[in-house]
Amino acid sequence: MAKYKRTMGLDVGSHTVGIAVSDLLGWTAQGLETIRIDETSGDFGYPRIMSLIKEYDVDTVVIGLPKNMNNTEGPRVEASRSYGDRLKDLMPEIKIEFQDERLTTSQAERMLIDEGNVSRKKRKQVIDKLAAVIILQNYLDKKSKL
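If you're wondering where the values come from, they're calculated on a predicted model, not measured in any experiment.

Focus on the side chain of Ser80
Topologically, Ser80 is positioned in helix H2 (residues 75-90). In contact with Ser80, not counting residues within four places along its chain, are Val12, Ile63, Gly64, Leu65, Pro66 and Phe98.

If you want it as structure tokens, here you go:
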């Protein structure tokens, strides 16, 4: 019997990383957590990410690329690519993919306001995790159409 692996989605920001993981069949994305990072001090949360990759038996990590609306790439895209490159150095067995994430944070915020009626304080706590879910779900949906 084939062994199924999960896919992880990351929404990498300058202060937090939202984390989501797929189900074993790769159909749906569920939010796991948001971890705090500190780019200026060099704390990127890799030990926690690596721990979750092992715990959930992940073989692919999808990192959101926050491109500009005109499809150009700015400093945050470079930071996301660097994050993926460093994770690949730490875990060479993991496949790293990148997914356009334009508007995912605003989409997540709209979902929390319109559908969840979530307070501003609570939105701030879950927005990155929900953005990671959207990034991963978009990737899974695109992959299932191939």
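Points about H2
Along its 16 residues, H2 runs 23 Å from first to last C-alpha, staying within 8% of the 22 Å computed at 1.5 Å per residue. All buried positions along H2 are accounted for by Val77, Ser80, Tyr83, Gly84 and Leu87. Buried residues of H2, seen end-on, are gathered within an arc of 120° and therefore sit on one face of the element. Of the exposed residues in H2, those oriented more than 90 degrees away from the buried face are Pro75, Glu78 and Asp89. Check the buried side of H2 and you find it contacts strand E1 (6-12), strand E2 (16-22), helix H1 (46-55), strand E4 (58-65) and strand E5 (95-100).

Thoughts on the environment of Thr60
Its location among the elements puts Thr60 in strand E4. On the basis of relative accessible area, Thr60 is assigned to the buried category, the value being 9%. Separated by 52 residues in the primary sequence, Thr60 and Met8 have C-alpha atoms spaced 6.3 Å apart. Those residues in contact with Thr60, other than ones at most four positions away along the chain, are Arg6, Thr7, Met8, Lys95, Glu97 and Tyr139. Polar contacts involving the side chain of Thr60 include one to the side chain of Asp59, which spans 3.2 Å.

So, the nonpolar core
By size, the foremost hydrophobic cluster in this structure holds 21 residues, and its most contacted members are Met8, Leu10, Val17, Ile49, Ile53, Val61 and Leu87. For this core, the secondary-structure elements that each account for two or more residues are E1, E2, H1, E4 and H2. The leading source of residues in this core is H1, at five residues. Every residue in contact with Val61, bar those within four places of it in the chain, is listed here: Met8, Leu10, Ile53, Leu87, Ile94, Lys95, Ile96 and Glu97. With eleven residues, the next largest nonpolar core counts Ala20, Val62, Leu130 and Leu136 among its residues.

Structural notes on H1
Every buried residue of H1 is listed here: Tyr46, Ile49, Met50, Leu52 and Ile53. Around the axis of H1, the buried residues are gathered within 160° of arc, so they sit on the same side. Exposed and oriented more than 90 degrees from the buried face of H1 are Pro47, Lys54 and Glu55. In this structure, the buried residues of H1 make contact with E1, E2, strand E3 (29-36), E4 and H2. Directly beyond the C-terminal end of H1, a positive phi value near 55° is found at Asp57.

Focus on the sheet that holds E2
The strand order across the open sheet built from five strands is E3-E2-E1-E4-E5, with neighbouring strands paired in mixed fashion. Edge strands, defined here as strands with exactly one partner in the open sheet, are E3 and E5. Between one strand axis and the next, the sheet turns through 25° on average, direction left out of account. As defined by bridge partners, E4 adjoins E5 across six bridges and the pair is classed as parallel. Across the sheet, the residue bridging to Val61 is Ile96, located in E5. Running over the sheet, H2 touches E1, E2, E4 and E5 and is turned about 165° from E4.

The rules behind the values
Residues numbered from 1 in each chain as written. Predicted model: local features only at pLDDT ≥ 70, side-chain atom pairs only at ≥ 80, totals over all residues. Heavy atoms only, no water. Helix = DSSP H or I, 4+ residues; strand = E, 2+ residues; numbered from the N terminus. Contact = heavy atoms within 4.5 Å. Expected span 1.5 Å × (residues − 1). Buried < 20%, exposed > 50% of the residue type's maximum accessible area, 1.4 Å probe, protein only. Arc of directions from axis to C-beta. Polar contact = N/O pair within 3.5 Å; in protein donor to acceptor, adjacent residues only side chain to side chain. Core = buried A, V, L, I, M, F, W, Y, C linked by side-chain atoms within 4.5 Å. Pairing = 2+ DSSP bridges. Axes fitted to C-alpha atoms, helices over the stretch in contact; angles between N-to-C directions.

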